[in-house]
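Read off the chains here:
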Amino acid sequence: ERQNRLEREQQQLSGLKKEFCCMESKLNKDVETLRNLIEDIDRDITYHQPDYEWKKKEYEESQVFMDKLRERRDNLTKHLHTIIANNEQMKADKMSQLLRK
C-alpha cells in the first residue's frame, strides 16, 4: 500500500510539473510579446520625438507672434476709436459754434 501511495504522489507531482511547465511556457511567450511591443513603441517614440520637439517649438513661437499681433490689433482698434471719438467731438464743437453765430 505504501508503494501505491508513493506512485500516486509521484504521478501527481509529475502532472503538476507538466502543468507548471506549460504555464511557464505561456508566461514566457506573453512576456516576450509584451517586451517586443514595448521595444517597438520605444523605437517609435525615439523616431517621433525630434519632430514633436520641433513642432512644439514652432507652435510656441507662433503663439507668441499671434499674441503680439492681437495686442497690436487691439491697440490700433483703441486708437481708431479715439480718433473717431475726437473727430465726432470736433464736429459737435464746430456745429455748436456755427449755431451760436
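We now turn to the structure provided with this report. (Residues numbered from 1 in each chain as written. Predicted model: local features only at pLDDT ≥ 70, side-chain atom pairs only at ≥ 80, totals over all residues. Heavy atoms only, no water.)

1. Examining the overall build of the protein chain
Then comes step 1: In terms of regular secondary structure, the protein chain is built from one helix and zero strands.
Then comes step 2: Computed over its C-alpha atoms, the radius of gyration of the protein chain comes to 41 Å, more than 25% above the 13 Å expected for a compact globule of 101 residues.
Then comes step 3: The buried share among the 101 residues of the protein chain stands at 0%.
Then comes step 4: Counting only carbon and sulfur atoms, one obtains 56% of the accessible surface of the protein chain, whose full area is about 10,200 Å².
Then comes step 5: Both charge centroids of the protein chain, one from 21 positive and one from 21 negative side chains, sit 8 Å from each other. (Helix = DSSP H or I, 4+ residues; strand = E, 2+ residues; numbered from the N terminus. Rg over C-alpha atoms; globule rule 2.2 N^0.38 Å. Buried < 20%, exposed > 50% of the residue type's maximum accessible area, 1.4 Å probe, protein only. Areas by Shrake-Rupley, 256 points an atom, 1.4 Å probe, with all protein chains shown as cover. Lys, Arg positive; Asp, Glu negative; His and termini not counted. Charge placed at Lys NZ, Arg CZ, Asp CG, Glu CD.)

2. Here we look at the pattern of salt bridges
Then comes step 1: Scanning all chains against the criterion turns up six salt bridges.
Then comes step 2: Taking the shortest distance from any N to any O, the salt bridge between glutamate 9 and arginine 5 comes out at 4.0 Å. One end of the pair, glutamate 9, and the other, arginine 5, are both in helix H1 (residues 2-100), four residues apart, so they sit about a helical turn from each other.
Then comes step 3: The salt bridge partner of aspartate 51 is lysine 55, with a shortest N-O separation of 3.2 Å. Residue aspartate 51 and its partner lysine 55 are located together in helix H1, separated by four residues, close to a single helical turn.
Then comes step 4: Looking at aspartate 51, the relative accessible area reads 36%, which means it is partly exposed.
Then comes step 5: For lysine 55, a relative accessible area of 48% corresponds to the partly exposed category. (Salt bridge = Lys/Arg side-chain N within 4 Å of Asp/Glu carboxyl O.)

3. What about a nonpolar patch on the surface?
Then comes step 1: On the surface, a nonpolar cluster with roughly 430 Å² of combined accessible area is contributed by Leu13, Leu16, Phe20 and Met23.
Then comes step 2: What makes leucine 16 partly exposed here is its relative accessible area of 42%. (Patch = residues over 30% accessible without salt bridge, like charges linked within 9 Å, V, L, I, M, F, W, Y side chains within 5 Å.)

4. Describing the environment of leucine 37
Then comes step 1: Inspection of the secondary structure assignment puts leucine 37 in helix H1.
Then comes step 2: Classification of leucine 37 by relative accessible area gives partly exposed; the value is 44%.
Then comes step 3: Measuring from C-alpha to C-alpha, the distance between leucine 37 and glutamate 58 comes to 31 Å, with 21 residues separating the pair along the chain.

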